[in-house]
Amino acid sequence: MKQIFLGRATVLAAILATSAATSAQSQCASEAQTFLSCTLEKSGKTLSVCVMGNTATYRFGPKGAPELTLSTPLDRLDYRPWNGVGSSIWEEVRFANNDVTYAVYGSILRMAADDGDGPNLSAGVEVLRGETSLANLSCDQKSVVFPWNETISDAKRAAGLTWDRPSQSWRAGGE
């Protein structure tokens, strides 16, 4: 199988095509933007992070009946954007619920098979208590909707925050 490297424009075009084809699978309301949506392997439960207005919402559980819903204002959301290098575009958002953190991640493999199948998407959620992993649940690859856009970064910048690469955190102040 021949491997090709996908540049940013090609990856974006492939993502848009994939997102359009799978938007019906997204668990987000039609007026919300999807950060990530999928069906989890083994359990068949759904996982989604949706952005509406200035709020990000995490949902986990059976389709249409989430067991857990957490919402966080975008300016306070723990969001780790892609650093711009590497073989994968990888981003993560974290939602806190008391002493438990839900780290939701999405990834697009930038090296894709030259067979027209588009980007290789993967996603999931790691459940943490402090630094201890309580669970790591992977999404069924065929169900992943990860449109990779600037929605959260734009909201952070609009709130006066700048991503500081050395500290891997958002800081107050201009760029």
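Residues numbered from 1 in each chain as written. Predicted model: local features only at pLDDT ≥ 70, side-chain atom pairs only at ≥ 80, totals over all residues. Heavy atoms only, no water.

Pairing in this open sheet of 5 strands is antiparallel, and the strands run S6-S7-S8-S10-S11 from one edge to the other. Of all the strands in the sheet, just strand S6 (78-80) and strand S11 (132-138) have a single pairing partner and so form its edges. Pairs of neighbouring strands in the sheet enclose a mean axial angle of 15°, with direction left out of account. Bridge count for strand S10 (residues 120-129) against S11 is 6 bridges, and the pairing is antiparallel. Bridging from a neighbouring strand, Val-127 pairs with Ala-135 of S11. (Pairing = 2+ DSSP bridges. Helix = DSSP H or I, 4+ residues; strand = E, 2+ residues; numbered from the N terminus. Axes fitted to C-alpha atoms, helices over the stretch in contact; angles between N-to-C directions.)

To continue, consider the pattern of salt bridges. Summed over all chains, the structure comprises 8 salt bridges. Among the salt bridges present, the one from Arg-157 reaches Asp-154, with a minimum N-O distance of 2.7 Å. You can see Arg-157 and its partner Asp-154 sitting in helix H2 (residues 151-158), 3 residues apart, about one turn around the helix. Asp-164 is the salt-bridge partner of Arg-171, the closest N and O atoms lying 3.5 Å from each other. Taking relative accessible area as the criterion, Asp-164 reaches 25% and is therefore assigned partly exposed. In the salt-bridge network here, residues are joined through shared partners; they are Asp-78, Arg-80, Glu-92 and Arg-94. (Salt bridge = Lys/Arg side-chain N within 4 Å of Asp/Glu carboxyl O. Buried < 20%, exposed > 50% of the residue type's maximum accessible area, 1.4 Å probe, protein only.)

A residue-level look at the chain finds 79% of positions with pLDDT of 70 or above and a mean pLDDT of 82. Below pLDDT 50 for its whole length, residues 1-24 participates in 34 contacts with residues either more than four positions away or in separate chains. (pLDDT = per-residue confidence, 0-100. Contact = heavy atoms within 4.5 Å.)

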